[in-house]
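# Per-entry structural report
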Amino acid sequence: MLDEVADWLRRRSWTAADRPLPDLLAAKQAGGTTVSVVLPALDEEATVGGIVAAIRRELMEAVPLVDELVVVDSGSTDRTAQAAADAGATVVHRDSVLPELPAVPGKGEVLWRSLLVTSGDLVCFIDADLREFDPAFVSGIIGPLLTDPDVAFVKAMYDRPLETDTGSIPAGGGRVTELVARPLLNLYWPLLAGFVQPLGGEYAARRSLLERLPFPTGYGVELGLLVDALELAGLDALAQVDVGVRHHRHQDALALGRMAASIQLTALDRLARSNRIKATDDLATPTLTQFTRTASGFTPTTVDLPTTERPPIATLTGPDV
Ligand SMILES: O=c1ccn([C@@H]2O[C@H](COP(=O)(O)OP(=O)(O)O[C@H]3O[C@H](CO)[C@@H](O)[C@H](O)[C@H]3O)[C@@H](O)[C@H]2O)c(=O)[nH]1
Ligand SMILES: O=C(O)[C@H](O)COP(=O)(O)O
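Note that this is a predicted model, so its numbers are computed, not measured.

Here we take up the UniProt feature "domain: Glycosyltransferase 2-like" (unreviewed entry) in the protein chain. Per the UniProt annotation, the sites labelled "domain: Glycosyltransferase 2-like" (unreviewed entry) are residues 36-157. Annotated as residues 36-157, this span is 37% helix and 22% strand, and its ends, taken at the C-alpha atoms, are 20 Å apart.

Okay, structure coming up:
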């Protein structure tokens, strides 16, 4: 680990308990800062309502910490929108935001669109598949942004058990993080090696920074935002806060393989952009072929990997973005 990272870890890693709620409320009031919470959601009817209800109850009704709570529906076919609205969120369908630009599938796409339908000075993203959700996930990561003007981007860190029908492996979660993202970051962006959960879906940032970053439309969005935020704002503007334990729905190996491929594509794209590797035409239309056992043997399925990136919101000038 670089000395610079060791130093950053000492100065820019906190726990949620370091900043009690009354301190956050006082800082928010003193600065006149507004806070939006955004949940990207694709078929999350089982969990989205519980998360929305907890944030509403604890951080909007009990205390005025969160000003706006928006669920952006990523094209769900279940009752996600209804469950989120019933629990008290404003629900926005991705197709209704910037309708002149047809939406593409993916998580990054809805995070990008969420910036166009929210107004908070701080924007806090929270995954909609979390179970046993603790509102300290929100208050913990917006804390440094409310209290320290030098901080611009904060990731949550937590324990990640891998929970299956047959039991729980305490530190078994975060498989793509450990096998793909962390090695890539350590090799190519060693300044980011101090992040405990670089892929975590729970992070908060100043709108002023988010609007200057491009958004990969798929699962590359977290790695892309982290790398680009480092480049734009510098390591000292980045921070992380320990919020406890994260329980969520785990995807199967094939889904994680597609996620891993799109994260690698985002990394390669950034390396090519900064001339650290040579861009090749192969990256223009990348695919991933995976195999499943069927009656006739192993059957290949090939999917296109997402290559679209949305431009920084601050650069939007008209409908032809
Ligand atoms: O097309 C999509 C896919 C996902 N989601 C939502 O995004 C969140 C996270 O998606 P999920 O499939 O649960 O991701 P994980 O398997 O948990 O992947 C981890 O790693 C990803 C890659 O960095 C991050 O995007 C995730 O936030 C992080 O939890 C959930 O609320 C999903 O409903 C969408 O809105 N649209
Ligand atoms: O963030 C990750 O590494 C992937 O989403 C996989 O997470 P899991 O191993 O906890 O399911």
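Let's shift gears to unusual backbone geometry. For Asp 43, which is not glycine, the phi dihedral falls at a positive 55 degrees. You can see Asp 43 is positioned in the loop between strand E2 (35-41) and helix H3 (48-61). Not every positive phi belongs to a glycine, and Leu 98 is a case in point at roughly 50 degrees. As for its placement among the helices and strands, Leu 98 is situated in the loop between strand E4 (90-93) and helix H5 (107-117).

Residues with a pLDDT of 70 or more make up 99% of the protein chain, whose mean pLDDT is 96. For this predicted complex, the interface confidence comes out at an ipTM of 0.98, alongside a pTM of 0.97.

Right, let's talk about the packing of helix H2 (residues 21-31) against helix H6 (residues 136-147) for a bit. Remark: H2 packs on H6, axes separated minimally by 9 Å, with the N-to-C direction vectors making an angle of 45 degrees. As summarised for this structure, H2 and H6 are arranged oblique, according to the angle between their axes. Taken as a pair, H2 and H6 cross one another with a handedness that is left-handed. Between H2, through Leu 21, Leu 24, Ala 27 and Lys 28, and H6, the contact on the second element is made entirely by Ser 139, Gly 143, Leu 146 and Thr 147.

Time to look at the pattern of salt bridges. Enumeration over the complete set of coordinates arrives at 23 salt bridges. The partner of Arg 12 in a salt bridge is Asp 236, with the nearest N and O atoms 3.8 Å apart. Here Arg 12, found in helix H1 (residues 3-12), pairs with Asp 236, found in the loop between helix H9 (221-233) and strand E12 (238-245); they are 224 residues apart in sequence, far enough to count as distant. Owing to a relative accessible area of 7%, Arg 12 belongs among the buried residues under this scheme. With relative accessibility at 37%, the residue Asp 236 sits in the partly exposed group. Measuring nitrogen to oxygen at the nearest pair gives 2.7 Å for the salt bridge that ties Lys 28 to Asp 67. Separated by 39 residues along the polypeptide, Lys 28 in helix H2 and Asp 67 in the loop between H3 and strand E3 (68-73) bring together distant segments of the chain. On the basis of relative accessible area, Lys 28 is assigned to the buried category, the value being 7%. Judged by relative accessible area, Asp 67 falls into the partly exposed class, the value being 40%.

Right, let's get into the sheet that holds strand E5 (residues 122-125). The strands making up a sheet associate through backbone hydrogen bonding, with each pair oriented either parallel or antiparallel. Ordered in space as E1-E12-E7-E10-E5-E2-E3-E4, the eight strands form an open sheet in which the pairing is mixed. Looking at which strands have only one partner, the edges of the open sheet turn out to be strand E1 (13-15) and E4. The average angle at which neighbouring strand axes cross in this sheet is 25 degrees, direction not considered.

The residue Val 104 is located in the loop between E4 and H5 in this model. Val 104 sits 114 residues away from Gly 218 along the chain, and the two C-alpha atoms are 8.9 Å apart.

All right, on to the site of ligand 2 then. If you check the shell around ligand 2, you find Arg 160, Gly 173, Gly 174, Arg 175, Val 176, Thr 177, His 248, His 250, Leu 256 and Met 259 and nothing else. Contact distances for ligand 2 include 3.0 Å between an oxygen atom and a side-chain N or O atom of Arg 160. Within the side chain of His 248, a nitrogen or oxygen atom sits 3.0 Å from an oxygen atom of ligand 2. Bound to the protein, ligand 2 loses 94% of the 310 Å² it would expose on its own. Going through the elements one at a time, helix H7 (175-188) and helix H10 (253-273) are the ones with two or more residues in the shell around ligand 2. Top element by residues in the shell around ligand 2 is H7. It accounts for three residues. The residue makeup of the shell around ligand 2, split by class, is three nonpolar, five polar and two charged.

Once that is clear, we can look at the packing of aromatic side chains. Per the stated rule, a full pass over the model turns up six aromatic pairs. A ring pair is formed by Phe 153 and Tyr 203, whose centres lie 5.7 Å apart and whose planes are at 25 degrees; its orientation type is stacked. Taken as a pair, Phe 153 in strand E7 (residues 153-159) and Tyr 203 in strand E10 (residues 203-206) lie far apart in primary sequence, 50 residues in all. This pair shows no difference in class: Phe 153 is buried, exactly as Tyr 203 is.

What follows deals with the site of ligand 1. For ligand 1, the set of nearby residues contains 21 residues, the closest of which are Glu 44, Lys 107, Tyr 219, Glu 222 and Arg 246. Ala 41 has a polar backbone atom sitting 3.3 Å from an oxygen atom of ligand 1. Between ligand 1 and Lys 107, the relevant distance is 2.6 Å, taken from an oxygen atom to a side-chain nitrogen or oxygen of the residue. Considering ligand 1 on its own, with 670 Å² of exposed area, one finds that the protein chains cover 95% of that surface. Contributions of two or more residues to the shell around ligand 1 are made by E2, H5 and H10. Looking at the shell around ligand 1, its residues break down into nine nonpolar, five polar and seven charged.

So, how was this worked out
- Throughout this description, residue numbers start from 1 for each chain and increase along the sequence as written.
- The order in which chains are written sets their letters, starting at A; the order in which ligands are written sets their numbers, starting at 1.
- Two thresholds apply to this predicted model, a pLDDT of at least 70 for residue-level local features and 80 or more for giving and counting side-chain atom pairs, whereas whole-chain, interface and lining totals are computed over all residues.
- For side-chain calculations, the full set of non-hydrogen atoms in the structure is used, while hydrogens and water are omitted.
- UniProt positions are given in the numbering used here, feature names are shortened, and annotations may be inferred rather than shown by experiment.
- Helix and strand definitions follow DSSP, with helices as H or I runs of at least four residues and strands as E runs of at least two, each counted in order from the N terminus.
- Here pLDDT means the predictor's own confidence in every residue, given as a number from 0 to 100.
- Fitting a line to C-alpha atoms yields each axis, with helices limited to the stretch in contact; the angle taken between N-to-C directions then spans 0 to 180 degrees.
- Throughout, the term roughly parallel applies to angles under 35 degrees, roughly antiparallel to angles over 145, roughly perpendicular to angles from 65 to 115, and oblique to all others.
- Note on convention: the crossing is left-handed when the near helix lies turned anticlockwise from the far helix by less than a right angle, right-handed when the turn is clockwise.
- The contact criterion used throughout is that any non-hydrogen atoms of two residues lie within 4.5 Å.
- Counted as salt bridges are all cases of a side-chain nitrogen of Lys or Arg within 4 Å of a carboxyl oxygen of Asp or Glu.
- We call a residue buried when its accessible area falls under 20% of the maximum for its residue type, exposed when it is over 50%, and partly exposed in between, using a 1.4 Å probe and counting protein chains only.
- Between any two strands, pairing holds if DSSP finds at least two bridges.
- Consider each residue's heavy atoms; a residue with any of them within 4 Å of a molecule or strand counts as near.
- Counted as a polar contact is a pair of N or O atoms within 3.5 Å, where, for protein atoms, one must be capable of donating a hydrogen and the other of accepting one, and residues adjacent in sequence contribute only when both atoms are in side chains.
- In short, Shrake-Rupley with a 1.4 Å probe defines the accessible areas, and a residue's cover is counted only from the protein chains shown.
- Ten residue types, Ala, Val, Leu, Ile, Met, Phe, Trp, Tyr, Cys and Pro, are classed as nonpolar, four, Asp, Glu, Lys and Arg, as charged, and the remainder, Gly among them, as polar.
- Each Phe, Tyr or Trp ring, with Trp reduced to its six-membered ring, pairs with another whose centre is within 6.5 Å; inter-plane angles below 30 degrees give stacked pairs, above 60 give edge-to-face pairs, and intermediate values give tilted ones.

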